[in-house]
Amino acid sequence: MTQPNLIPASKLPALGTTIFTQMSALAARHNAINLSQGFPDFSGPDYLQARLAYHVSQGANQYAPMTGVLPLREAIADKTAALYDYRPDPEHDITVTAGATEALYAAITALVRPGDEVICFDPSYDSYAPAVTLAGGVLKRLALQPPAFRPDWQAFRQQLSAKTRLVIINTPHNPTATVWSDSDFTALWQAIAAQEIYVLSDEVYEHICFAEQGHASVLAHAGLRQRAVAVSSFGKTFHMTGWKVGYCIAPAALSAEIRKVHQYLTFSVNTPAQLALADMLRTRPEHYQQLPAFYRARRDRLTQALAASRFKVLPCTGTYFLLADYSALSDRDDVSFCEWLTREAGVAAIPLSVFCADPFPHRLIRLCFAKQEATLDAAAERLCQL
Ligand SMILES: Cc1ncc(COP(=O)(O)O)c(C=O)c1O
C-alpha cells in the first residue's frame, strides 16, 4: 500500500518564522542589546503580582466565564466611560481574550467571509494578514508614506468597493509611532458610513500616547462605534506581555459573533490573572494615567542620546517604539542593515519593510524603548559609535 503524502499543502505558504523571533534569536547569539521585540525588560507593578498570587491562593483556579470575569468586564466598562465618554455594556459588549492577538483573530474570523475585501494601512502589524487569508478574505493594503505616515483619504475612497467588509486601523501605530486624531476618524466615517463596513481598531497602545489631545479612540466616535471592534491589551499597559490578557469592545450583535469564535478558540482566559487585573484597574488607575509620562521619559532619553549619532530619529507620538533613519550610515536594505547592526554593533532592531507587502525602499529601523534606562544608555552608546 502506498503511503499518502503527509506534508499538508500550507494554507499560509508565504509565512515563515516571524522577524521578531529571528531578530531576538540573532540578538541572543551575538549577545546584543535587544531593542527589537516589543516587550519591556522590567516587570509589572508589585501590587498586580501580589493580587495574582492572592487569587491563586484563594482557589480562583478553574475556568473563567467564557466572556471574562464580571469584575474585570465592569472595570473595563468604567475605564472606557471615564476615558472615551461611552460606557460599553459589560454583559454584552466586552469580551476578555488571550491577548489582543486573539481578539484580532476572532474579530477577523467572525466578520470576514470568503471573497470579502479588507483594507489595512501598511506598514501594518503582522497578525492581521494571516487571519484575513485564513478567513478567505482579500487584503488591500494602502501604503503610508514616511516621514508623517498619514492616511491618504482619496486613495482610501478609491480602494472601497461593494466587497469591502472591514477596515483595520491601529492607533497609536506600531511600527511608525504615529497616532490618529479625531479628524482621521471623521474622514473614515465619511468614507464608509453609507456601506455595511466594519472597523477593527487595534488600540493596544491606548495608554502610551504622547499627543497633547490624548488618545483618540474609535469608541469616542458615536457613529463608528456602532460598527467597530476596539481591541486593547493589558500586556502593554501593565508591562506584562507574557500574561496574554486583552479584550475587545464591540456592540452586542458584533460581540455575539466574535464570542462564537472565541468560545472555540480559547473558550476562556486565565482566571486569577483576570481577577488581579480587575483589582489593578479599580485601585491603581494612576498606573495607566501616568504611563505616558513614564514612557515619554524613556523616549526622550533615547532620542537625546541618539542626537550624537548619525541616525536621524523620527517624531514619536505614541507606542514604545522609535523610528531611526540610517541613510547617513549605510546603503544596505533595512533587513541586512539590522542583521549587520546586531552582529557588528551589538544592538538588535526591526527593519520596517517586514511590516509591508510592497517594497519599502526607505532606510528605517524600529527601536523599542520599553527598556531600563541602563539598557537604553548602553544601546545608544553603541549606536553613537557607528
Ligand atoms: C499593534 C499590536 N497589536 C497587537 C499586539 C498583540 O498584543 P498581545 O500581546 O496582547 O496579543 C501587539 C503586540 O506587539 C501590537 O504591537
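Residues numbered from 1 in each chain as written. Predicted model: local features only at pLDDT ≥ 70, side-chain atom pairs only at ≥ 80, totals over all residues. Heavy atoms only, no water.

Where we set the bar: UniProt positions are given in the numbering used here, feature names are shortened, and annotations may be inferred rather than shown by experiment.
Looking at an unreviewed UniProt entry, one finds the protein named Pyridoxal phosphate-dependent aminotransferase and attributed to Candidatus Pantoea soli. As stated in UniProt under Cofactor (unreviewed entry), the record for the protein gives "pyridoxal 5'-phosphate". What UniProt records for the protein under Sequence similarities (unreviewed entry) is the sentence "Belongs to the class-I pyridoxal-phosphate-dependent aminotransferase family."

1. Observations concerning the domain arrangement of the protein
Selection criterion: Residue ranges labeled as domains rest on an automatic or database domain assignment. Note on contacts: a residue pair qualifies if any of its non-hydrogen atoms lie within 4.5 Å across the two residues. Buried area is understood as the total, over both parts, of accessible area removed when two parts are fitted together, assessed with a 1.4 Å probe. Take a side-chain nitrogen of Lys or Arg and a carboxyl oxygen of Asp or Glu: if they are within 4 Å of each other, that pair is a salt bridge. Distance and chemistry together define a polar contact, namely a pair of N or O atoms within 3.5 Å, with one atom able to donate a hydrogen and the other to accept it when in protein, and with adjacent residues in sequence counting only for side-chain atoms on both sides.
As assigned here, the protein comprises domain 1 (19-44 + 289-384) and domain 2 (46-283). Each of domain 1 and domain 2 has a C-alpha centre, and these two points are 25 Å apart. Each partner contributes to the interface: domain 1 provides 32 residues, whereas domain 2 provides 32 residues. Each partner contributes to the roughly 2600 Å² buried at the junction of domain 1 and domain 2, and carbon and sulfur atoms together form 65% of this total. Considering only the side of domain 1, the residues that lose the most area to domain 2 are Gly44, Thr319 and Phe355, jointly responsible for 24% of the buried surface there. On inspection of domain 1 and its partner domain 2, the count reaches zero salt bridges. The tally of links from domain 1 across to domain 2 stands at 11 residue pairs in polar contact (both at pLDDT 80 or more).

2. Quick look at unusual backbone geometry
The test is simple: Each helix corresponds to a stretch of at least 4 residues labelled H or I by DSSP, and each strand to a stretch of at least 2 residues labelled E; elements are numbered beginning at the N terminus. Type-normalised accessible area, obtained with a 1.4 Å probe on protein chains alone, sets the label of each residue: buried when under 20%, exposed when over 50%, and partly exposed for intermediate values.
A cis amide bond links Pro146 to the next residue, Pro147, at an omega of 5 degrees. Mapped onto the elements of the fold, Pro147 is located in the loop between β4 (138-143) and α6 (153-159). A positive phi is found at His239, a non-glycine position, where the angle reads about 60 degrees. Looking at where His239 falls in the secondary structure, it is placed in the loop between α8 (234-237) and β8 (246-249). Relative accessible area serves as the criterion here: at 8%, His239 is assigned to the buried category. Non-glycine residue Thr319 carries a positive phi angle of around 75 degrees. With respect to the helices and strands, Thr319 occurs in the loop between β9 (312-313) and β10 (321-325).

3. Description of the sheet that holds strand β6 (residues 198-202)
Two modes of strand pairing occur in sheets, parallel and antiparallel, and in both the strands are linked by backbone hydrogen bonds. The following threshold applies: Being paired, for any two strands, means DSSP has found at least two bridges between them. Every axis in this analysis is a line fitted to C-alpha atoms, fitted for helices over the stretch in contact. Angles between the N-to-C directions lie between 0 and 180 degrees.
Here seven strands make up an open sheet; going across it, the order is β2-β8-β7-β6-β5-β3-β4 and the pairing mixed. Taken across any chain shown, the strands that pair with only one partner, and hence form the sheet edges, are β2 (94-97) and β4. Strand-to-strand twist in this sheet, taken as the mean axis angle between neighbours without regard to direction, amounts to 20 degrees. Pairing between β2 and β8: four bridges, direction antiparallel. Residue pairing for β8: Thr95 is matched across the bridge by Cys248. Strands in contact with helix α4 (residues 99-111) are β2, β5 (164-170), β6, β7 (228-233) and β8; relative to β7, the strand with the most contacts, it is inclined by about 160 degrees.

4. Re the layout of surface pockets
The criterion, for reference: In this analysis the probe radius is 1.4 Å and the grid spacing 1 Å, with only protein atoms considered; a cavity is a set of points the probe fits into but cannot get out of, a pocket is an open set with protein on both sides within 12 Å along at least five of seven lines, and lining residues have an atom within 4 Å of a point. Grid points are joined across faces, edges and corners, and a volume is the space filled by probe spheres set on the points. For this classification, the nonpolar set comprises Ala, Val, Leu, Ile, Met, Phe, Trp, Tyr, Cys and Pro, the charged set comprises Asp, Glu, Lys and Arg, and every other residue, Gly included, is treated as polar.
The volume enclosed by the largest pocket comes to roughly 660 Å³. Among the elements of the structure, α1 (19-29), α4, α5 (128-134) and α8 are those that each provide at least two residues to the lining of the largest pocket. A per-element tally of the lining of the largest pocket places α4 first, with five residues. When the residues that make up the lining of the largest pocket are grouped by side-chain class, the tally is 11 nonpolar, 12 polar and five charged. For the lining of the largest pocket, the domains that each give at least three residues are domain 1 (19-44 + 289-384) and domain 2 (46-283). Taken as a whole, the second largest pocket encloses approximately 580 Å³ of empty space. Around the second largest pocket, the lining comprises 23 residues; the ones closest to its centre are Ala14, Leu15, Asp126, Pro130 and Val354. Only α1 and α5 provide two or more residues apiece to the lining of the second largest pocket. Of the residues that constitute the lining of the second largest pocket, the class distribution is 13 nonpolar, seven polar and three charged.

5. Some details on the site of the ligand
Under the convention used in this document: We call a residue near a molecule or strand as soon as one heavy atom of that residue lies within 4 Å of the molecule or strand. Each accessible area value is a Shrake-Rupley result obtained with a 1.4 Å probe; residue values ignore everything except the protein chains displayed when judging cover.
Looking at the ligand, there are 13 residues lining it, with Thr101, Asp202, Ser233, Lys236 and Lys244 nearest. Asn174 is positioned such that a nitrogen or oxygen atom in its side chain is 2.8 Å from an oxygen atom of the ligand. Against a free-state accessible area of 400 Å², the protein chains account for coverage of 92% of the ligand. Considering each element in turn, the shell around the ligand owes the most residues, four residues, to α4. Here the shell around the ligand is composed, by residue class, of five nonpolar, five polar and three charged.

6. Side note on helix α7 (residues 182-192)
Applicable threshold: Here the arc refers to the directions that run from the helix axis out to each C-beta atom.
The complete set of buried residues in α7 reads Asp184, Phe185, Ala187, Leu188, Ala191 and Ile192. Taken end-on, α7 shows its buried residues confined to a sector of 160 degrees, consistent with a single buried face. With respect to the buried face of α7, the exposed residues turned more than 90 degrees away are Asp182 and Gln190. Buried residues in α7 make contact with α6, β5 and β6.

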